[in-house]
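# Working through the structure, step by step
Spelled out from the first residue to the last, the chains are:
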Amino acid sequence: MGYKVAVVGATGAVGREMLTTLAERDFPATEVVALASEKSAGTEVSYGEEKTLKVQNLATYDFKGTDIALFSAGGSISEKYAPIAAAAGCVAIDNSSHFRMDPDVPLVVPEVNAGAVAKYGKRNIIANPNCSTAQLVVALKPLHDLAQIKRVVVSTYQSVSGAGKEGMDELFTQTRAIYVNDPVENTQFTKQIAFNVIPHIDKFMDDGSTKEEWKMTSEVKKILDPAIELVAMCVRVPVFIGHAEAVFIETEDSLSVEEARDAMQDFPGLVVVDHRADEGYVTPQECAGEDAVYVSRVRKDPTVKNGLIFWCVSDNLRKGAALNAVQIAETLVKNHLEKAA
Ligand code: A2P
């Protein structure tokens, strides 16, 4: 026995990674369905090393009989189709931001708040956090348990795959155009991304922050602790895969560097690589294709009473999106769905 699983947005950067992750982790699926827009219907996507799936049109797909659907086709598609899937008895695990702050929708990073999955039945929808939030809460959780985090300041260095396949194509095309002296065009990003950095992700809010920065604050509160104050500066960098974050925390209780490192190293999904020497830290280029969240450069912040600084990187398509969604699905089938795996 197993589950019928659909991937919505199966031709996109995250959707493809979802299919890879389901296959790699031997998710107990009897059938996997790849869904995308009408224009992709009939094309093929890979499922694991050997299998391919024929893409079907989401608009005409009947979710009846599908147990779980992983959505990664953008907010408006989730807004319309996740409730349709849910009404047909399918649990929607949604990677878009659309349902994240809905009080009836759990927002889950399994290493941090797996128990929240229990509330999935209110709407039959579970939300996956923003990619920058997912890796950050994994790194913060063991420190919060030890010393109670009061405040977080975070600067992000986010790769173009966070903007989907078209964002990756734009970095590639612009880089090539610059080398061969062709004109450079921006369509996905507001400014040239090749050989540049852009301090702007998602739309501007009234207070001058961006929606990406607001998401980090509100999602950390919902997943980890509403008492934590967090301010973020989110920046797009010309990296294909892997988000990096410089994180500055203040805790209620004092916390030594050694205690912090040990607690992080023992935490599931977190790996500390921190040698204070050339090459003794992890960069996005090395974490692409990996499941873990990596922490490096842990040190005291001498400017505040109980302050710590660290560097945190992870593959945004994996822990930031596809892997986390599949881990939610694993938690759901293990603890909540009736069909035996
Ligand atoms: P398609 O390739 O058919 O447009 P990314 O975030 O990497 O850009 O991927 C977006 C994903 O969302 C793709 O799989 C894309 O499919 C899918 N998608 C976009 N619009 C729709 C739509 N109207 N209906 C179904 N899937 C869609």
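The coordinates are above.
The subject of this paragraph is helix α4 (residues 131–147). For α4, built from 17 residues, the straight-helix expectation of 24 Å at 1.5 Å per residue is met to within 8% by its first-to-last C-alpha distance of 25 Å. Of all bends in α4, the biggest is about 35°, found at Leu 140, and the proline Pro 142 comes one to four residues later. With 15 of its 17 residues buried, α4 lies for the most part within the structure. Two residues or fewer after α4 comes Gln 148, characterised by a positive phi angle close to 55°.

This part covers the packing of helix α1 (residues 13–24) against helix α9 (residues 318–335). Each packed pair of helices is defined by two parameters, the angle between the axes and the distance between the axes. Between α1 and α9, the shortest axis-to-axis distance is 9 Å and the interhelical angle comes to 50°. With respect to α9, the element α1 is oriented oblique. In this structure, α1 crosses over α9, and the sense of that crossing is right-handed. Residue-level inspection shows Val 14, Glu 17, Met 18, Thr 20, Thr 21, Leu 22 and Glu 24 of α1 in contact with α9, the latter providing Arg 318, Ala 321, Ala 322, Leu 323, Ala 325 and Val 326. Partitioning the contact of α1 with α9 into residue classes produces eight nonpolar, two polar and three charged.

Turning next to the sheet that holds strand β8 (residues 125–127). If you trace the six strands from one edge of the open sheet to the other, you get β5-β2-β1-β6-β7-β8, paired in parallel fashion. Only two strands of the sheet have a single partner each, and these edge strands are β5 (56–57) and β8. The pairing of strand β1 (residues 3–8) with strand β2 (residues 29–36) spans six bridges and is parallel. Across the sheet, residue Val 8 finds its bridge partner in β2, namely Leu 35. Contacts from α1 reach β1, β2 and β6 (68–71) within the one sheet, and its direction differs from that of β1 by about 155°.

So, on to the sheet that holds strand β13 (residues 293–300). Within the open sheet, the six strands sit side by side as β10-β9-β11-β14-β13-β12. Their pairing is mixed. The open sheet is flanked by β10 (229–236) and β12 (270–272), the only strands paired with a single partner. Across the sheet, the mean angle from the axis of one strand to that of its neighbour is 20°, orientation sign disregarded. Across the sheet, α4 is in contact with β9 (149–158), β10, β11 (243–251), β12, β13 and β14 (307–314); its angle to β11 comes to roughly 30°. Relative to the sheet, helix α6 (residues 211–223) contacts β9, β10 and β11, its axis offset from that of β10 by approximately 140°.

Looking at the ligand, there are 15 residues lining it, with Thr 11, Ser 37, Lys 39, Ser 40 and Lys 165 nearest. Here an oxygen atom of the ligand sits 2.6 Å away from a polar atom, N or O, in the side chain of Thr 11. If the ligand stood free it would expose 570 Å²; the protein chains cover 71% of that surface. In the shell around the ligand, the residues fall into six nonpolar, seven polar and two charged.

A few words on the pairing of β2. Taken together, β1, α1 and β2 form a β-α-β motif whose crossover is right-handed. Sheet topology places β2 next to β5; two bridges connect them, and they run parallel. Paired with Leu 35 across the bridge in β5 is Gln 56.

Glancing now at unusual backbone geometry. The phi angle at Asn 124 is positive, at roughly 60°, despite the residue not being glycine. Here Asn 124 shows up in the loop between α3 (110–113) and β8.

Okay, a nonpolar patch on the surface next. Together, Ile 178, Tyr 179, Val 180, Val 184 and Phe 195 make up an exposed nonpolar region whose accessible area comes to about 480 Å². One can find Ile 178 in helix α5 (residues 165–179).

If you walk through the whole model with that rule in mind, you get 18 salt bridges. Salt-bridge contacts for Arg 25 lead to Glu 330; the nearest nitrogen and oxygen are separated by 2.8 Å. Highlighted residues: Arg 25 in the loop between α1 and β2 and Glu 330 in helix α9, separated in sequence by 305 residues. Each of Glu 17, Glu 24, Arg 25, Asp 291, Arg 318 and Glu 330 takes part in a single network of salt bridges with overlapping partners.

The rules we used
Within every chain, residues take consecutive numbers counted from 1 along the sequence as written. Selection of residues for local features in this predicted model requires a pLDDT of at least 70, selection of side-chain atom pairs for listing and counting requires 80 or more, and totals for whole chains, interfaces and linings are taken over all residues. Side-chain metrics in this entry use all non-hydrogen atoms of the structure; hydrogen atoms and water are not considered. Per the convention used, a helix needs a DSSP run of H or I reaching at least four residues, while a strand needs a run of E reaching at least two, with both numbered from the N terminus. What a helix should span is 1.5 Å times the count of its residues minus one. In this scheme, the bend at a residue equals the angle between the axes fitted to the seven residues that finish there and the seven that begin there. Buried means the residue's accessible area, taken with a 1.4 Å probe over protein chains only, is under 20% of the maximum for its type, while exposed means over 50%, and partly exposed covers the values in between. Axis lines are fitted through C-alpha atoms, for helices just across the contact stretch, and the angle between N-to-C directions can take any value from 0 to 180 degrees. Just so you know how the angles are binned, under 35 degrees is roughly parallel, over 145 roughly antiparallel, 65 to 115 roughly perpendicular, and the rest oblique. Crossing chirality is assigned from the near helix's rotation relative to the far helix, an anticlockwise turn below a right angle marking it left-handed and a clockwise turn marking it right-handed. In this description, contact between two residues means that some pair of their heavy atoms is separated by no more than 4.5 Å. Under the grouping applied here, Gly and all other residues not named as nonpolar or charged are polar, the nonpolar ones being Ala, Val, Leu, Ile, Met, Phe, Trp, Tyr, Cys and Pro and the charged ones Asp, Glu, Lys and Arg. When DSSP locates at least two bridges between a pair of strands, those strands are taken to pair. Only heavy atoms are used to decide nearness, and a residue is near a molecule or strand if one of them lies within 4 Å of it. The definition of a polar contact used here is a pair of N or O atoms within 3.5 Å, where within protein one atom must be able to donate a hydrogen and the other to accept one, and adjacent residues in sequence count solely through side-chain atom pairs. Values of accessible area rely on a 1.4 Å probe in the Shrake-Rupley scheme; residue burial ignores everything except the protein chains shown. The crossover handedness rule: strands pointing away from the viewer, path from first strand over the helix to second strand clockwise, crossover right-handed. Without a salt bridge and with relative accessible area above 30%, a residue can belong to a patch; like charges are then joined within 9 Å and nonpolar side chains (Val, Leu, Ile, Met, Phe, Trp, Tyr) within 5 Å. Criterion for a salt bridge: a side-chain nitrogen of Lys or Arg within 4 Å of a carboxyl oxygen of Asp or Glu.

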